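Remarks on the overall topology
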Amino acid sequence: MREVGNGEDRGAGAEGLASGVDQPGFLSLERELTLLLRRARASQGEMAREVHPDLEPSAYGLLVRLGECGGQRATELAGYIGVGKATMSRQLRALEELGLVAREPDPADGRAWLVTLTPEGRDRVGRVREARRARYARRLADWDPGEVTELARLLHELNRSVGR
């Protein structure tokens, strides 16, 4: 049996966690993710304005989700984005007023509504996303394509781990 506290095996307890987070790799990860998230927030605001000058930055991700997944109930969207029903209702009302989304009856449950992108919303979001991918391609032009694929894989794994 090993002694805990001699540096050999601390397990997954708080003591082991405290020593692990001080490792240079985790310090670098924290610094780089902080910078990436700060830039992503700024970029999200720019992309929202490209879709529509009056679009709130927080609503951009909602439009992207609808573009990728199709019609969804407001409760599903609220859960995905991580906001309450009142916030989601306010955002959806604003998006409807801008002509970017519409509500239609849910074919699976006539009492419920699905939120979908309007043709105008789909067109605007599609153009902005295409331009964003082109910017990524230009900024990463000197990367090996395998490195880009590996970065995408690692970010997917990170998102999966964080989402648990």
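Higher on the page you've got the structure.
How each quantity is defined
- Counting from 1, residues in each chain are numbered in the order their sequence is written.
- Since the coordinates come from a predicted model, pLDDT governs what is reported: local features require at least 70, and pairs of side-chain atoms require 80 or more to be given and counted, while whole-chain, interface and lining totals use all residues.
- Water and hydrogen atoms play no part in the side-chain values, which are based on all heavy atoms of the structure.
- The salt bridge definition used is simple: a Lys or Arg side-chain nitrogen within 4 Å of an Asp or Glu carboxyl oxygen.
- The numbering of helices and of strands both runs from the N terminus, where a helix is a DSSP run of H or I of at least 4 residues and a strand a run of E of at least 2.
- For every residue, the accessible area obtained with a 1.4 Å probe (protein chains only) is divided by the maximum for its type, and the residue is called buried under 20%, exposed over 50%, and partly exposed between those limits.
- Contact definition: two residues touch when any of their heavy atoms are within 4.5 Å.
- Each nonpolar core is a collection of buried residues, namely Ala, Val, Leu, Ile, Met, Phe, Trp, Tyr and Cys, held together in the definition by side-chain atoms within 4.5 Å.
- Here the term patch refers to residues with relative accessible area over 30% and no salt bridge, with like charges joined within 9 Å and nonpolar side chains (Val, Leu, Ile, Met, Phe, Trp, Tyr) within 5 Å.
- Surface accessibility follows the Shrake-Rupley procedure with a 1.4 Å probe radius. Residue values consider only the protein chains on display as shielding.
- We treat Lys and Arg as the positive residues and Asp and Glu as the negative residues; His and chain ends play no part in the count.
- Charge coordinates come from a single atom per side chain, which is NZ of Lys, CZ of Arg, CG of Asp or CD of Glu.

This part is about the pattern of salt bridges. Side-chain pairing between opposite charges can occur once the charged atoms of the two side chains come close. Summed over all chains, the structure comprises 10 salt bridges. Residues Arg129 and Glu68 are paired through a salt bridge, measuring 2.8 Å at the closest nitrogen-oxygen approach. In this pair, Arg129 sits in helix α6 (residues 119–139) while Glu68 sits in helix α3 (residues 57–69), placing the two residues 61 residues apart along the sequence. One salt bridge connects Arg127 with Asp123, and the closest N-O pair in it is separated by 3.2 Å. Of this pair, Arg127 and Asp123 both sit in helix α6, 4 residues apart, roughly one helical turn. What makes Asp123 partly exposed here is its relative accessible area of 41%. Through salt bridges with shared partners, one network takes in Arg73, Asp106, Asp109 and Arg111.

For Trp143, the location among the structural elements is in the loop between α6 and α7 (145–162). In this structure, Trp143 is in contact with Val148 and Leu151, ignoring residues within four places of it in sequence.

What follows concerns the nonpolar core. Generally speaking, nonpolar side chains in soluble globular proteins are found buried as a group. Among the nonpolar cores identified, the biggest contains 21 residues, and Val51, Leu55, Leu63 and Leu95 are the most heavily contacted of them. Those elements giving two or more residues to this core turn out to be α2 (24–51), α3, α4 (74–81), α5 (85–97), β2 (109–117) and α6. A per-element tally of this core places α3 first, with 6 residues. Discounting residues that sit within four places of it in the chain, Leu63 has contacts with Val51, Leu55, Leu95, Leu100, Val101, Leu117 and Val125.

This paragraph deals with a positive patch on the surface. Taken together, the side chains of Arg38, Arg39, Arg41, Arg138 and Arg139 define a basic patch exposed on the protein surface. Elements that contribute at least two residues to the positive patch include exactly α2 and α6. Sorting elements by how many residues they give to the positive patch places α2 first, with 3 residues. Along the chain, Arg38 falls in helix α2. The exposure class assigned to Arg38 is partly exposed, which follows from its relative accessible area of 49%.

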